[in-house]
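# A closer look at the structure
These are the residues of each chain, in order.
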Amino acid sequence: MKKVAIIMGSDSDLPVVEKAFAVLDEYGVPFEVHVYSAHRTPIEARDFAVNARENGFGAVIAAAGKAAHLAGAIAANTTLPVIGIPVKSSTLDGLDALLSTVQMPSGIPVATVAIDGAANAALLAIQILAVSDEELAEKLKASREKASASVLAKDKAISDKYNK
Ligand code: RP5
């Protein structure tokens, strides 16, 4: 199976990014984690991206806060799908990171999830790998069915209590 790369701009992003580790573990998807910054270690970030495909990765998750150029900088140097997580780490509550991550110019896409949306970033990476992995696709389907059943059970409980 292809691996997922998770790059964060700083170790201060870890509390947010860790939520992605849990989801990838749950699905048995191998991943590798690094701290590379578009601004502080631009050469290492670039080199990782350039070599990511031949190093066995199928998708890259890049998390950064403030003037968050990491996902875009990674995307500029690979044709692997790149998922950006804008991290809420500034006085602007993550809106700065959201806009920096999502507003990519035509030709270099970054699939941007919600501010601090690490779990969805992991799920999207898994869905990308599942395009060519039936077993993973089945796990995703089972998980969606479980989530639906859980909501329907809550609906029944609320309905039984209030809808006389
Ligand atoms: C960004 O700046 C990082 O991704 C982090 O979210 C933010 C602050 O970094 P530190 O100053 O905490 O290292 O590049």
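Residues numbered from 1 in each chain as written. Predicted model: local features only at pLDDT ≥ 70, side-chain atom pairs only at ≥ 80, totals over all residues. Heavy atoms only, no water.

### Here's the deal with the layout of surface pockets
What counts is decided by this rule: Detection works on a 1 Å grid of protein atoms alone, calling trapped sets that fit a 1.4 Å probe cavities and calling open sets with protein on both sides within 12 Å along at least five of seven lines pockets, with lining residues defined by an atom within 4 Å of a point. Grid points are joined across faces, edges and corners, and a volume is the space filled by probe spheres set on the points. Asp, Glu, Lys and Arg are counted as charged, while Ala, Val, Leu, Ile, Met, Phe, Trp, Tyr, Cys and Pro are counted as nonpolar; the rest, among them Gly, fall into the polar class. Numbering goes from the N terminus for both helices and strands, where a helix is a DSSP run of H or I of at least four residues and a strand is a run of E of at least two.
Its volume calculated, the largest pocket comes out at about 250 Å³. Along its surface, the largest pocket is lined by 16 residues, and Gly 9, Ser 10, Arg 40, Gly 65 and Lys 66 are the ones closest to its centre. Grouping the constituent residues of the lining of the largest pocket by class yields 5 nonpolar, 8 polar and 3 charged. Taken as a whole, the second largest pocket holds about 180 Å³ of empty space. Secondary structure elements with two or more residues in the lining of the second largest pocket: α1 (14–26), α5 (118–130) and α6 (134–162). Broken down by element, the lining of the second largest pocket gets its largest block of residues, 4 residues, from α6.

### Here's the deal with the domain arrangement of the protein
Accessible area lost upon the coming together of the parts is a frequently used measure of interface size. Formally: Segmentation into domains, and thus their bounds, comes from an automatic or database assignment. Two residues form a contact once any of their heavy atoms are found within 4.5 Å. When two parts are put together, the accessible area they lose, computed with a 1.4 Å probe and summed over both, is reported as buried area. Think of a polar contact as two N or O atoms within 3.5 Å of one another; within protein, one of them needs to be a possible hydrogen donor and the other a possible acceptor, and neighboring residues in sequence only count if both atoms come from side chains.
Domains assigned within the protein are domain 1 (3–132) and domain 2 (134–164). If you average the C-alpha positions of domain 1 and of domain 2, the two centres end up 30 Å apart. Taken together, the contact between domain 1 and domain 2 spans 8 residues of the former and 7 residues of the latter. In total, domain 1 and domain 2 occlude about 620 Å² of area from one another, counting both sides; carbon and sulfur atoms represent 64% of this. Counting the surface domain 1 buries against domain 2, the share from its top three residues, Tyr 27, Gln 127 and Ala 130, is 73%. Where domain 1 touches domain 2, the interface holds 3 residue pairs in polar contact (both at pLDDT 80 or more). Its residues assigned to classes, the side of domain 1 that touches domain 2 shows 6 nonpolar, 2 polar and no charged.

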